[in-house]
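# Observations on the three-dimensional arrangement
If you want the building blocks of each chain, they are given just below.
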Amino acid sequence: MAAGRKRRTVYRKRRQNKFSMFLVTLVVVMILIVVAVKRVEIEAKMEVNQAKIEQLNGQIASEEARAEEIKQYEKYTQTKGFVEEIAHDKLGLVYEGEIIFRKDK
């Protein structure tokens, strides 16, 4: 009878070991699935962020070009030609002896 008990305990231990291995394997597989899903989510976020980066780089480039235009306009506003143009267009001033032709309406 001692041999019968020994066989039963060995059988139980084997069955418990198989069940334990199954649980460990199940947990590992679940962890792998979670990691894979999170990886896909992170890659999607990376693509969205990359698109935002490209858009912002485009905006930076256009703002830099605009800043350059403003600098050029600032230089132009400090010239004699600009002052003459504003005096003529806005204030209606003319040079001495200049003849003005106007259209009748």
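Residues numbered from 1 in each chain as written. Predicted model: local features only at pLDDT ≥ 70, side-chain atom pairs only at ≥ 80, totals over all residues. Heavy atoms only, no water.

### Points about the overall build of the protein
Helix and strand content of the protein: 2 helices and 0 strands. By the burial criterion, 2% of the 105 residues in the protein qualify as buried. Carbon and sulfur atoms make up 61% of the accessible area of the protein, which amounts to about 10700 Å² in all. (Helix = DSSP H or I, 4+ residues; strand = E, 2+ residues; numbered from the N terminus. Buried < 20%, exposed > 50% of the residue type's maximum accessible area, 1.4 Å probe, protein only. Areas by Shrake-Rupley, 256 points an atom, 1.4 Å probe, with all protein chains shown as cover.)

### Examining the pattern of salt bridges
Evaluated as defined, the whole model comprises 3 salt bridges. Here Lys38 and Glu41 are joined by a salt bridge, their closest N and O atoms 3.7 Å apart. Of this pair, Lys38 and Glu41 both sit in helix 1 (residues 2-77), 3 residues apart, which is roughly one turn of the helix. The class of Lys38 is partly exposed, set by a relative accessible area of 45%. (Salt bridge = Lys/Arg side-chain N within 4 Å of Asp/Glu carboxyl O.)

### Quick notes on the environment of Thr77
By secondary structure assignment, the location of Thr77 is in helix 1. The class of Thr77 is partly exposed, set by a relative accessible area of 25%. One polar contact links the side chain of Thr77 to the main-chain carbonyl oxygen of Glu74, over a distance of 2.6 Å. (Polar contact = N/O pair within 3.5 Å; in protein donor to acceptor, adjacent residues only side chain to side chain.)

### Concerning the packing of aromatic side chains
If you walk through the whole model with that rule in mind, you get 3 aromatic pairs. On the numbers, 6.4 Å between centres and 45 degrees between planes, the contact of Tyr73 with Tyr76 is tilted. One end of the pair is Tyr73 and the other is Tyr76, both in helix 1 and 3 residues apart, which spans about a single turn. Both rings, one in Tyr73 and one in Phe82, keep their centres 6.0 Å apart while their planes meet at 80 degrees; by these two values the pair is edge-to-face. Among the residues examined, Phe82 registers a relative accessible area of 15% and is labelled buried. Among the aromatic side chains, those forming a connected cluster through ring pairs are Tyr73, Tyr76 and Phe82. (Phe/Tyr/Trp six-rings, centres within 6.5 Å; stacked < 30°, edge-to-face > 60°.)

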